[in-house]
Amino acid sequence: MPELPEVETVRRGLSPVMEGAVIARADVNRPDLRWPFPARMADRLTGARVQQLRRRSKYILADLDTGETLLIHLGMSGRMLISGDPADTEMAGKMPGRFVHAHPAPEKHDHVVFHMDNGARVTFNDPRRFGAMDLMDTATAESHKLLAVLGPEPLGNDFHEAHLASAFHKRMMPVKSALLDQKIVSGLGNIYVCEALFRAGISPSRKAGRISAQRVAALVPIIRQVLSEAIDAGGSSLRDFRQADGELGYFQHTFDVYGREGAPCRTTGCRGVIRRIVQSGRSSFYCAQCQR
């Protein structure tokens, strides 16, 4: 499942060709993905101008000049791919190298296609159909059932030491589980929680309510740093994830613990090896020597 850095990477890739452009035609090629598409979705999108692309947690939100917002969730295998005429000079100022990919022939799992008035085509391809799209009123978007339950953004001003300390207070769940709780902090997933806890020297099994205030305070900037580095690297390409231009992300090449079971710890002077345990059905990777 793409996490915050992957979704932010896709949003940034889509922004140059979608923001300010009109959806000249929207093709909706099936009635549903994870759940049914909203009524008349193609008609409601066709002719709408994308005023802004933003991200909330793991969702991409496209604010339209019609007063509606398109919500997009990539699911496990969803990809949004940009294509266009490589010889078209119109987008040269917005996209260095112009279009990387010419318009491909339609594929079986191209479920929604946005034909932009600037010549770009944005295709939502999702073989497993775990992705989702919805339309909602922009003015009340934050009350949407998927967004209303979310905690603060880890890169936003509302995620700070006091918030995390309050959220952890007296909680006897493992800190790994607490950080994956989207009501405590939104957008974090298994990969980046493992990496952040390693850098913080905190065992994924330690009870959240038993972590000292000093260590909780140190965890906040570490989480921000891990996410920022992953975004700069274009996210992590595990299995299906691709950026909007079709390229791979590269942060997986710098993983300290995730997926490295049995490998030596990278901390200077540490002789430990990376272990894997299962917590709530998910693999946690850590160094028992460095993380306590």
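Preceding block: the structure.
Residues numbered from 1 in each chain as written. Predicted model: local features only at pLDDT ≥ 70, side-chain atom pairs only at ≥ 80, totals over all residues. Heavy atoms only, no water.

A. Examining the overall build of the chain more closely. Summing up its helical and strand segments, the chain has 6 helices and 10 strands in all. The buried share among the 292 residues of the chain stands at 51%. Long-range pairs, those at least 24 residues apart, make up 64% of the contacts in the chain with a sequence separation of at least 6. Total accessible area computed for the chain in this model is approximately 13,300 Å², and 49% of it derives from carbon and sulfur atoms. (Helix = DSSP H or I, 4+ residues; strand = E, 2+ residues; numbered from the N terminus. Buried < 20%, exposed > 50% of the residue type's maximum accessible area, 1.4 Å probe, protein only. Contact = heavy atoms within 4.5 Å. Areas by Shrake-Rupley, 256 points an atom, 1.4 Å probe, with all protein chains shown as cover.)

B. Expanded view of the side chain of Ser203. Note that Ser203 resides in the loop between helix H5 (190-200) and helix H6 (213-232). Beyond its immediate sequence surroundings of up to four residues, Ser203 is in contact with Val175, Gln291 and Arg292.

C. Structural context of the pairing of strand E7 (residues 121-125). Of all the 5 residues making up E7, 5 are buried; the element is thus mostly covered by neighbouring parts of the structure. The two faces of E7 match: Arg121, Thr123 and Asn125 on one face and Val122 and Phe124 on the other face are all buried. Sheet analysis places strand E5 (residues 79-83) next to E7, joined by 5 bridges and oriented antiparallel. Its bridge partner being in E7, Leu81 is matched across the sheet by Thr123. Sheet topology places strand E6 (residues 110-116) next to E7; 5 bridges connect them, and they run antiparallel. Of the residues in E7, the one forming a bridge with His115 is Arg121. (Pairing = 2+ DSSP bridges.)

D. Seen up close, the pattern of salt bridges. Under the counting rule described, the total for this entry stands at 13 salt bridges. A salt bridge links Glu68 to Arg44, with the nearest nitrogen and oxygen atoms 2.5 Å apart. Here Glu68, found in strand E4 (residues 68-73), pairs with Arg44, found in helix H2 (residues 41-45); they are 24 residues apart in sequence, far enough to count as distant. The exposure class of Glu68 is buried, given its relative accessible area of 13%. Among the residues examined, Arg44 registers a relative accessible area of 22% and is labelled partly exposed. Look at the salt bridges and you will find they share partners, linking Glu8, Arg11, Arg12, Arg54, Arg55, Arg56, Asp63, Glu142 and Glu153 into a network. (Salt bridge = Lys/Arg side-chain N within 4 Å of Asp/Glu carboxyl O.)

E. Broad picture of the sheet that holds strand E1 (residues 23-28). Reading across from one edge, E1-E6-E7-E5 is the order of the 4 strands in this open sheet, with antiparallel pairing throughout. The open sheet has two edge strands, E1 and E5, and neither has a second partner. Each adjacent strand pair in this sheet contributes to an overall mean axis angle of 15°, direction not counted. (Axes fitted to C-alpha atoms, helices over the stretch in contact; angles between N-to-C directions.)

F. Region of interest: the sheet that holds E4. Pairing in this open sheet of 4 strands is antiparallel, and the strands run E2-E3-E4-E8 from one edge to the other. One side of each edge strand has no neighbouring strand; the edge strands of this open sheet are strand E2 (50-56) and strand E8 (132-137). Shown here is a sheet whose adjacent strand axes are inclined to one another by a mean of 20°, direction ignored. Bridge analysis of strand E3 (residues 59-64) against E4 gives 4 bridges, and the strand direction is antiparallel. Among the inter-strand pairings, Ala62 is bridged to a residue of E4, identified as Leu70. Each of E2 and E3 touches helix H1 (residues 4-18); the most contacted strand, E2, lies at about 175° to it.

By themselves these figures say nothing about function.
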